[in-house]
Structures are given as C-alpha cells and as structure tokens.
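What follows is the residue order along each chain.
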Amino acid sequence: QVQLVESGGGLVQAGGSLRLSCVASGNIFRINVMGWYRQAPGKQRELVASIMGGGSTNYADSVKGRFTISRNNAKDTVYLQMNSLKPEDTAVYSCNLQQKGYGYWGQGTQVTVSS
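Position numbers for residues start from 1 in each chain and track the written sequence from start to end. Only residues with pLDDT of 70 or above have their local features reported here, since the model is predicted, and side-chain atom pairs are shown and tallied only from 80 upward, although totals for entire chains, interfaces and linings are computed over all residues. The side-chain figures draw on all heavy atoms in the structure; neither hydrogens nor water molecules are used.

Chemist: Which parts of the structure should I look at to understand the packing of aromatic side chains?
Modeler: Each aromatic ring pair is characterised by the separation of its centres together with the angle its planes make. Here a pair means two rings of Phe, Tyr or Trp (six-membered ring of Trp) with centres within 6.5 Å. Their orientation is stacked below 30 degrees between planes, edge-to-face above 60, and tilted elsewhere. Inspection of every chain in the model, using the stated rule, returns one aromatic pair. Charge-over-ring placement is defined geometrically: NZ (Lys) or CZ (Arg) within 6 Å of the ring centre, and within 35 degrees of the ring normal. Here the basic side chain of R19 rests over the ring of Y79, its NZ or CZ set 4.1 Å away from the ring centre. It is K100 that lies over the ring of F29; its NZ or CZ is 4.9 Å from the centre.

Structure (structure tokens):
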C-alpha cells in the first residue's frame, strides 16, 4: 500500500509563490512517475506537472516558466515550486504516484490566489 501526504497549500496574492510538498510512504518502487494535478471548481482535473524517477519532467502549457517540479528520491518526496501565481491557478492540488500499473492519490491541498 502507498500513502501520499501533501502540504504547503494556502492563500497567496497574485504574483506570489507557494511550494507544495508530497511525501510518499509504503511500498515505493524506484521506477515510478510522480506528479501534481489540480481541479478548480466546475472544471475537470488536469495535469500540472510530472517527473520521472530519472528526473525527466513534463508541464502543462499554462504553468511552463512559472512552476517547477522536483523530487528527492531518497526521501520519496516530490515538490512543486509555484511562482508568479495567478487567480486562475486557484484549485485543489493533488499529488499522484504511478508505479507498476497502479495509481495513488493524496488527499489534496487547497491553493487560493487572490487578485
């Protein structure tokens, strides 16, 4: 079993920054993909960024140049540094881990960006 626990959400003004963290515990394999998704009210959940175990990254066009995903494999932790935040970034951000054909989700953390 795998558990994911996110932290770092909150309220920030437009133009500000936040850093999200997600710690994975349980049966973690080295070959996996970790990522961040978000869901705004009335919208579908969307991929924000993902990172493979070797460090390859993928970003949604809407966050390129503003968000940076990174991971510490020794700590089974993935981070999302969010800069130049916009009101449209407001959403519940959820951590995801995919390994061995299974996907796991954290409980989500609220990010609210005020204008």
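Read on, since the account is not over.
Chemist: So what exactly am I meant to see when it comes to the state of the cysteines here?
Modeler: Note on terminology: pairs of cysteine sulfur atoms within 2.5 Å are recorded as disulfides. Summed over the entire model, instances satisfying the criterion amount to one disulfide. Note on cysteine connectivity: C22 is disulfide-linked to C95, with sulfurs 2.1 Å apart. Taking the torsion about the S-S bond as the criterion, the C22 to C95 disulfide, at about -80°, is left-handed. Here the residue C22 occupies a position in strand β3 (residues 18-26), and C95 occupies one in strand β9 (residues 91-99), the gap between them amounting to 73 residues. As far as burial versus exposure is concerned, C22 and C95 are alike and both buried. In DSSP terms, a helix is any run of H or I states spanning at least four residues, a strand is any run of E spanning at least two, and both are numbered starting from the N terminus. Exposure is judged per residue with a 1.4 Å probe applied to protein chains only, and the accessible area is read against the type maximum: over 50% gives exposed, under 20% gives buried, and values in between give partly exposed.

Chemist: Teacher, can you tell me more about the sheet that holds strand β1 (residues 2-7) here?
Modeler: Picture the strands of a sheet paired through backbone hydrogen bonds; they go either parallel or antiparallel. Pairing is antiparallel across the open sheet formed by four strands, whose spatial order is β1-β3-β8-β7. Either end of the sheet is taken by a strand with one partner, and the two such strands are β1 and β7 (67-72). Looking at each pair of strands side by side, their axes are set apart by 15° on average, direction ignored. Bridge count for β3 against strand β8 (residues 77-82) is six bridges, and the pairing is antiparallel. Paired with L20 across the two strands is L80, which belongs to β8. Any two strands are treated as partners once DSSP identifies two or more bridges connecting them. Helix axes use the C-alpha atoms of the stretch in contact, all axes being lines fitted to C-alpha atoms, and the angles between their N-to-C directions lie in the range 0 to 180 degrees.

Chemist: Just checking my understanding: could you explain the environment of C95 for this structure?
Modeler: For C95, a relative accessible area of 0% puts it in the buried group. Separated by 24 residues in sequence, C95 and R71 have C-alpha atoms that sit 12 Å apart.

Chemist: How should the environment of S17 be read in this particular structure?
Modeler: For S17, the position within the fold is in the loop between β2 (10-13) and β3. Taking the C-alpha atoms as reference points, S17 and V78, separated by 61 residues in sequence, lie 17 Å from one another. Every residue pair with non-hydrogen atoms within 4.5 Å of one another is taken to be in contact. Setting aside chain neighbours within four positions, we find S17 in contact with V12, Q81, M82, N83, S84 and L85. N or O atoms within 3.5 Å of each other form a polar contact, as long as, within protein, one can give a hydrogen and the other can take it, and as long as residues adjacent in sequence are counted only when both atoms are side-chain atoms. Among the polar contacts listed, one links the side chain of S17 to the side chain of N83, at a separation of 2.9 Å.

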